[in-house]
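# A look at the structure
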Amino acid sequence: MAMTMASTATGVLAFSSVPKNSDPPPSSSSKVCRSSIVAISCVSHCVCSAASGNTSTVTEQANSQKFSYSRASPSVRWPNLKLNENYPPSQRPTHVVEDVGLFENTHDSVGKEEIREIREAGLEFGDKPLEILGKTSKNRVKKMTKLALKRAKDWRERVQFLTDRILGLKSEEFVADVLDDRKVQMTPTDFCFVVKWVGQSSWQRSLEVYEWLNLRHWYSPNARMLATILSVLGKANQEALAVEIFARAEPAAGNTVQVYNAMMGVYARTGRFGKVQELLDLMRSRGCEPDLVSFNTLINARLKSGTLVPNLGIELLNEVRRSGIQPDIITYNTLISACSRETNLEEAVKVYDDMVAHRCQPDLWTYNAMISVYGRCGISREAGRLFKELESKGFLPDAVTYNSLLYAFAREGNVEKVKDICEDMAKMGFGKDEMTYNTIIHMYGKRGQHDLVLQLYNDMKMSGRSPDAVTYTVLIDSLGKANMMKEAAEVMNEMLNAGVKPTLRTFSALICGYAKAGKGAEAEKTFNCMLRAGIKPDQLAYSVMLDILLRFSDSGKAMKLYQEMVLNGFKPDHALYEVMLRVLKKENREEDIHKVVKDMEELCGMNAQVICSILVKGECFDHAANMLRMAISQGCELDRENLLSILGSYGSSGRLSEARELLDFLREHSSGSHRLINESLIIMLCKADQLDDAIREYSEARDFGLFCGSFSMYESLLQRCEENELFAEASQIFSDMRFYGVEPSNDLYQGMVRTYSQMGFPETAHYLIEQAEEKGLLFDDASIYTSVIEAYGRLKLWQKAESLVGSLRQKSKMVDRKVWNALIHAYAASGCYERARAIFNTIMRDGPSPTVDSINGLMQALIVDGRLDELYVVIQELQDMGFKISKSSIMLMLDAFARAGNIFEVKKIYNGMKAAGYFPTMHLYRIMIGLLAKGKRVRDVEAMVSEMEAAGFKPDLSIWNSMLKLYTGIGDFKKTAQVYQLIQEAGLKPDEDTYNTLILMYCRDRRPEEGLSLMHEMRRVGLEPKLDTYKSLISAFGKLLLLEQAEELFEGLLSKECKLDRSFYHLMMKMYRNSGIHSKAEKLLGAMKEAGVEPTIATMHLLMVSYGGSGQPEEAEKVLDNLKGEGLSLSTLPYSSVIDAYLKNGDYNIAIQKLMEMKKDGMEPDHRIWTCFVRAAGLSQCTSEAIVLLKALQDTGFSLPIRLLTEKSDSLVSEVDNCLEKLGPLEDNAAFNFVNALEDLLWAFELRATASWVFQLAVKWSIYRHDVFRVAEKDWGADFRKMSAGAALVGLTLWLDHMQDASLQGYPLSPKSVVLITGTAEYNMVSLNITIKAFLWEMGSPFLPCKTRTGLLVAKAHSLRMWLKDSSFCLDLELKDSPSLPESNSMQLMDGCFIRRGLVPAFKDITERLGDDVRPKKFARLALLPDEKRDKVIRADIEGGEEKLEKMKKKVGVKRRKLVRRKLIRGVVLPSPVELYQKKKP
């Protein structure tokens, strides 16, 4: 019984003082490390050669190298006490480091039980033996009696003598040779100890002793002997032999509690709880009552048979108590040890508390187990508390205690505490043993301190400690995880050289290392070597190797290994099945997929729902869909994640029809899942980028109330809406989400903050931020805050942006730089430079340091505030502070000045930028060319394009468009066509700007038909012209009086339901006015009202002007009367229209009468009335008429015009100056129209000096441009466009006077040409071009019409210089006032030409008979001749031309061979853009 109890105690008290490796073993999904290829071949060879003859099991290999403590030996357990004992220590392992979880240790007790058993047998121990064993006595010793033999105290010597002799036998020798010799007299109890002691080293020899005793029948095997041999066989894992011996045992010997306990111990070792339970029942059935050892063994078997379930320990304890037996310390220690092995702290604490509650005092082993379980659970503080408690209760810590405590702190990586414990161990006389080294090595390996790992390994060997299998395994595992495979291979070599056989765990660690290093071939070699060494793979080894083969896409070998794994009874876990299926699907191995699915169903017993989930994770979505159908058909609930994954696969591959079929099936067979199905459909549509369909499904489901929505559905919808910038829809969906109580995540909050910021609702975005913060959600992304601040900036709400930044400053010490920059730009958007500068100074002082974006924000603030001049000051300040001005800052300045139209500053910045080493970009060239084109700096634009091409840039369409607008704007239509040809040659596709500009060119060139053709072409290529383009075409057709085309365009716009403004109607009314079709003008007025465009006073003014232009002032007056009758608040505009109509019709008296009526109506005459009367006076036939008209103005309170005509007072200059100052700000070009009329009046009545200083006052007040001419700046040309005829003649005379002074100094230099710009427009039915041309032709000037552009007069510089010096017409160019007013007007309006009255007959005669192509000098000569002589000269000229024509006709018949070879210079006429475009088309 004592023997049985001892063996049972061994099983019961086995527990781990340190936990298994806290790091989980490498699984199928673990990462793999790297190593050297050379090392594996060496290691594999050594391992295979070392293990080639090995046929033992893995367990035996492990046990042969296990380090053990003898817990029964006080001299070993407490070396500090200096104890000595004269009995040999037990060799049974008590503190073991196993390879399963890196290490384990067990407690056991032997010695005390043995002593107790001997005493129970009645044996006494003496100090001296009766006979010296091993020597033959000279005298024959008499045989002792049984009683004397029992009382002999040398039983240990006798047992040890026989044990040594038996174990010293060679393999071919037999135990019978020793036992038959009978050199020692033995009792049955002695033989029991012999069987036991021999069995500790060789179970075969122990069984041989037992069988010998049975055969000789010297001693009938009693219960003690049977229990002993069963215990030996159990420890040797020879369960089959133990069962056979137990079965054939005599009933008398076998039916004892000791034998049952021993047999239960055999089953308990392998965790066969069912067999133990059967034996317990058998005992009771045979009348043998179980004792406490029986229950302890039963508990041990239950704990080894499976994992601990909640409250299992307490239930087992209660079961023991129900049998009338109180659990002892062994029972409790067994349970606590099991909790320690499984790291189940909760159960361990419950058992410990029950132990204390039932007054069972804990012993040292209890404390060791509790320290171990706290250490495994990472609660080193509690482990340390228990360590102090056991010392306070008088227990002396042993090596196990210290190692358990050491592990607790090593697991946490507390290096300092580990060092302290090692020092305490040394003070107590405990050196570092193998367990200590393994623990510390493992700790440093986890920390990645591999140098220390190797150093400890070397120290371990130097200190005389022999590394065991666990040591080597820990080293290989740590090095493998660190990608140090070369070192790991070297450790494996040392392990083999040291004679330590690698365990399954060792091979697994090396395989995992190679797998992690991506060396699948080496891992496979190591696995094969393990097989050749006779080590059978376990679940982990199979899984790791299968994972490696799958990850290296070797599906063929993987499937073979998988089949072998299944045949050996191992099954892959779910994760490994997922990897396997993913690889098989990738390689389209459908048959293997079907086989794996079948195995999961049949071998693993998985249901359809689980298999579907694995198939989804393995990306076999078609199989998963089928399995999902099966699961639903079997009544399983619809799994949300599986459905979403399957639908996501269908959606991403565009198989929406299959997805809908699956959903229809689910709707039919899963009645309670309609809400989930609808949500899944929406999520699938979102993932398939079918956002419109998703929103429609969502809206329908929401309207019908089918669901309130899940978080995943809202998340998918909101993310897609944000990506597609459907901000309004996102806002609605988010509102629904909040309404249904679905809480947004951090990401959704951030997304909606961005959405509301983009929508221009920063207040809402700000509110969401505050709401998220109240719920504990913090935004680490600074861009969330910057988006809100930028939105505030765009809305000019910088105060709220300021408050947001203020709240951020309260929450964190350092605000992100991007947030500061966003605030600076928010200030900049409102032009708050001072506030932006304050922020800049703040971050300069407190950090983070400003960036280029910060500087650009400062500059932008100045730009928005219009303080461009201060930009240079800020730039200088920043440079003084050490900042380098970036290219982007320079570009910002340049762009600002470009938008302001400051060409001078832009060119200066551009040149400075190039001087600083910043090369221009394409964007910069676009800005420069666009600005210069707007400024009509033709030569600069052309130079910039040349520079751009030299730099390797090709002009893009935007640059060509700028050039098209430039040449169109200056009227150089030939170059416009050339640019369009270059666009075609570059292969660029014209855009809307291109077409619109070309159409405008045709309109200005009076070729609207070609413009209309180009518009049709534009529509054919899918582009729609702008309304301004239509307006230009209508205007061009109207000027040419092509009413039908203009009306067609206008009607086309109305039919398209375009929203036309008043300008279109006004344009058509002007056209009808000029054509004299007043009825259509009236109808247009009605159509205008029907279209919802209310006529204004300006509209009625146009109608009245139309009547006036047709000589029907009465009709115009009727319109005025109607306006009066409607009670409208009228200005002077309609009155001026009526008065002007009568004045143009020559009804001066009626006009004056209407003026008086206006005065009576309470309407004071203003600039409009003044301009009408002054203009009429300037065109009147005689002076008296002019005086009458001007006196009428004088009578109404405005005497300035008549005083200018009749007085010579110096005060008139200041009065005119004051008048122009007052008229300047008024609308409708009041000052411009008045000055033009005044200039015509003064020129017509020969007050040209007065006209000169009035002209200069107009320039002073910017009524006329300052650059009409700039001779002083050596800009020789002049631009008289938009001036009246009289003003233009004044300006021309002044320019000629300045040019004459320049000619005396040799300017302009040859071969420069001088250009006068007259334009082609008419001002009050006067053509400026014809008027200036007639004036210059009369003077015989060298100016000729430009051949390429209309509205230009060009003269060679040399010719102009000579003419100004020598011509009699230029002898006196000073403008003077006539001493007295002429009786009649000196000028006459003739066919749009404001010409000198005396020149009219000659002008008509010359132009009618010789045409308009008469040279100026010839015209001047003919104009000076008397009528008769001029007639003769003209007739002779005509006759001479006819004779010349006849001679040329005669030369046509001359033979071709007489033609002189010469190179013909032919003018190349470029085709029109329409022709070029049509030619380009296939």
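Residues numbered from 1 in each chain as written. Predicted model: local features only at pLDDT ≥ 70, side-chain atom pairs only at ≥ 80, totals over all residues. Heavy atoms only, no water.

### Looking at the overall build of the protein
Rules: For helices the rule is a DSSP run of H or I covering at least 4 residues; for strands it is a run of E covering at least 2, with both sets numbered from the N terminus onward. Each residue is placed in one exposure class: buried if its accessible area under a 1.4 Å probe, protein chains only, is under 20% of its type's maximum, exposed if it is over 50%, and partly exposed if it falls in between. By definition in these notes, contact holds between two residues if any of their heavy atoms fall within 4.5 Å. Computed with the Shrake-Rupley method and a 1.4 Å probe, the accessible areas treat only the protein chains shown as cover for residues.
Looking only at helices and strands, the protein has 78 helices and 9 strands in total. Out of the 1482 residues belonging to the protein, those deemed buried represent 52%. Partitioning the intrachain contacts of the protein with sequence separation of at least 6 by distance along the chain shows that 67% fall at a separation of at least 24. For the protein, the accessible area works out to roughly 70,000 Å², and carbon and sulfur atoms hold 51% of it.

### Regarding helix α43 (residues 762–774)
Short version of the rule: Here the expected span of a helix is defined as 1.5 Å times the quantity of residues minus one.
Helix length check: α43, at 13 residues, gives a terminal C-alpha distance of 18 Å against a target of 18 Å (1.5 Å per residue), a fit within 8%. The set of residues buried in α43 consists of P762, A765, H766, L768, I769, Q771, A772 and E773. Looking at the residues trailing α43, positive phi occurs at G776, about 85°.

### Section: the packing of aromatic side chains
The following threshold applies: Pairing of aromatic rings covers Phe, Tyr and Trp, the last through its six-membered ring, and needs centres within 6.5 Å; plane angles under 30 degrees mean stacked, over 60 mean edge-to-face, and all others mean tilted. A ring is scored as having a charge over it whenever the NZ atom of a lysine or the CZ atom of an arginine sits within 6 Å of its centre and within 35 degrees of its normal.
Within the structure shown, the criterion is met by 26 aromatic pairs. Note on F193 and W197: the rings are 6.4 Å apart at their centroids and 75° apart in plane angle, and the pair reads as edge-to-face. Of this pair, F193 and W197 both sit in helix α9 (residues 188–199), 4 residues apart, roughly one helical turn. Accessibility assignment for this pair places F193 and W197 in one class, buried. The side chain of K417 reaches across the aromatic face of F409, ending 5.3 Å from its centre. Above the face of the W1243 ring, R1248 is positioned so that its terminal group lies 4.0 Å from the ring centre.

### Re the environment of A515
Of note, A515 is situated in helix α28 (residues 504–516). Residue A515 is classed as buried on the basis of its relative accessible area of 1%. The spacing of A515 and G480 is 35 residues in sequence and 9.2 Å in space, taken between C-alpha atoms.

### Remarks on a negative patch on the surface
Applicable threshold: Distance thresholds for patches are 9 Å for like charges and 5 Å for nonpolar side chains (Val, Leu, Ile, Met, Phe, Trp, Tyr), applied to residues having over 30% relative accessible area and no salt bridge. Salt bridge, as used here: a side-chain nitrogen of Lys or Arg that lies within 4 Å of a carboxyl oxygen of Asp or Glu. Charge counting follows a simple rule: Lys and Arg are positive, Asp and Glu are negative, and His as well as the terminal groups are ignored. Just so you know, the charge point we use is NZ for Lys, CZ for Arg, CG for Asp and CD for Glu.
A cluster of acidic residues, E391, E416, D420, E423 and D424, forms a negative patch at the surface. For the negative patch, the element with the highest residue contribution is helix α23 (residues 415–427), accounting for 4 residues. E391 sits in the partly exposed class, given a relative accessible area of 39%.

### Focus on the nonpolar core
Put simply, the rule is: Joining through side-chain atoms within 4.5 Å is the link that ties buried Ala, Val, Leu, Ile, Met, Phe, Trp, Tyr and Cys residues into a set, and such a set is a nonpolar core.
Counting residues in hydrophobic clusters, the biggest one holds 449 residues, and the most contacted among them are I646, L666, F1173, Y1264, F1280, W1295 and L1336. Looking at which element gives the most residues to this core, the answer is helix α72 (residues 1285–1304), with 11 residues. Apart from the residues within four sequence positions on either side, L666 is in contact with L628, I632, L638, L643 and I677.

### With respect to the sheet that holds strand β7 (residues 1352–1356)
Convention followed: DSSP-based pairing: two strands are paired if at least 2 bridges between them are found. Here, axes are lines fitted to C-alpha atoms. For helices the fit covers the stretch in contact, and angles between N-to-C directions go from 0 to 180 degrees.
Across the sheet, 5 strands lie side by side as β1-β2-β3-β7-β6; this open sheet has mixed pairing. This sheet does not close on itself; its edge strands, each paired only once, are β1 (1269–1270) and β6 (1344–1345). Direction of pairing for β6 relative to β7: antiparallel, over a ladder of 2 bridges. Bridge pairing links L1344 to V1354 in β7. In this fold helix α74 (residues 1357–1366) packs onto β3 (1313–1317) and β7, with an angle of close to 80° to the strand it touches most, β7.

### Some points on the pairing of strand β9 (residues 1393–1396)
Here strand β8 (residues 1387–1390) pairs with β9 via 4 bridges, running antiparallel. Looking at the pairing, M1390 lines up with C1393 of β9.

### Considering the pattern of salt bridges
The final tally for this structure, using the stated rule, is 70 salt bridges. A salt bridge links R381 to E382, with the shortest nitrogen-to-oxygen separation between them at 3.2 Å. For E382, a relative accessible area of 15% gives the class buried.

### Details of the packing of α43 against helix α44 (residues 782–794)
Convention followed: Angle categories are assigned with fixed cut-offs, so that under 35 degrees is roughly parallel, over 145 is roughly antiparallel, 65 to 115 is roughly perpendicular, and the rest are oblique. In this scheme the handedness of a crossing depends on how the near helix is turned from the far one: anticlockwise by less than a right angle means left-handed, clockwise means right-handed. Think of it as three bins: nonpolar holds Ala, Val, Leu, Ile, Met, Phe, Trp, Tyr, Cys and Pro, charged holds Asp, Glu, Lys and Arg, and polar takes everything else, Gly as well.
Taken N-terminus to C-terminus, the directions of α43 and α44 make an angle of 150°; their axes are 9 Å apart at the nearest point. Regarding the angle of α43 to α44, the classification is roughly antiparallel. Our pair here, α43 against α44, has a crossing hand that is left-handed. Counting all contacts with α43, which are made through P762, E763, A765, H766, I769 and E773, the residues of α44 involved are I784, Y785, V788, A791 and Y792. Residue composition of the contact of α43 with α44, by class: 8 nonpolar, 1 polar and 2 charged.

### Notes on the pairing of β3
Strand residues, when the strand is regular, have side chains that alternate between the two faces of the sheet. Operational definition: Throughout, right-handed denotes a crossover for which the path from the first strand over the helix to the second runs clockwise when the strands point away from the viewer.
Going residue by residue along β3, you find V1314 and L1316 tucked away on one face and S1313, V1315 and I1317 left uncovered on the opposite face. Relative to β3, strand β2 (residues 1275–1279) runs parallel, the two being bridged by 2 bridges. Note that in β3 the partner of A1278 across the bridge is L1316. A crossover connection joins β2 to the parallel β3 through α72; in handedness this β-α-β unit is right-handed. In this structure, β3 lies alongside β7, joined through 5 bridges in antiparallel fashion.

### Concerning the packing of α23 against helix α24 (residues 434–446)
Across the interface, α23 lies against α24 with an axial gap of 12 Å and an inter-helix angle of 165°. If you check the angle between α23 and α24, you find them roughly antiparallel. Of the two possible hands of crossing, α23 and α24 adopt the one that is left-handed. Note on element contacts: α24 touches α23 through T436, I440, M443 and Y444, opposite V415, V418, K419, C422 and M425.

### With respect to unusual backbone geometry
For the bond running from G847 to P848, omega is -10°, close enough to zero to count as cis. Note that P848 resides in the loop between α47 (833–846) and α48 (852–864). The peptide bond linking Y1307 to P1308 adopts the cis configuration, its omega dihedral lying at -10°. Within the element layout of this structure, P1308 appears in the loop between α72 and β3. Phi is positive for K936, which is not a glycine, with a value near 60°.

### Details of a positive patch on the surface
A cluster of basic residues, K936, R1004, R1006, K1039 and K1282, forms a positive patch on the protein surface. Its location among the elements puts R1006 in the loop between α56 (992–1004) and α57 (1008–1020).

### Some points on helix α51 (residues 903–915)
Rule in force here: By arc we mean the arc of the directions from the helix axis to the C-beta atoms, nothing more.
Spanning 13 residues, α51 covers 18 Å between terminal C-alpha atoms, matching the ideal 18 Å at 1.5 Å per step. Those residues of α51 that sit buried are I903, E905, V906, I909, Y910 and M913. All buried residues of α51 lie within an arc of 160° about the axis, which places them on one face of the element. Looking at α51, the residues exposed on the side facing more than 90 degrees away from the buried face are F904 and A915. Considering only its buried residues, α51 is in contact with α49 (871–880), α50 (887–899), α52 (922–934) and α53 (938–950). Taken from the residues just after α51, G917 is the one with a positive phi, measuring 95°.

### Some remarks on the environment of E1047
Looking at the secondary structure, you find E1047 in helix α59 (residues 1043–1055). A sequence separation of 21 residues divides E1047 from M1068, and the C-alpha atoms of the two residues are 8.1 Å apart. Apart from the residues lying within four places of it in its own chain, the contact partners of E1047 are M1068, M1071, Y1072 and K1080.

### Describing the confidence of the model for the protein
This is how it is decided: Residue-level confidence of the predictor is what pLDDT reports, using numbers from 0 through 100.
On average, residues of the protein carry a pLDDT of 79, and 86% of them reach 70 or more. Residue range residues 1–142 is modelled with pLDDT below 50. Its contacts to residues more than four positions away, or to other chains, number 341 contacts. Contacts for the low-pLDDT stretch residues 1454–1482, under 50 throughout, to residues beyond four places or in other chains number 29 contacts.

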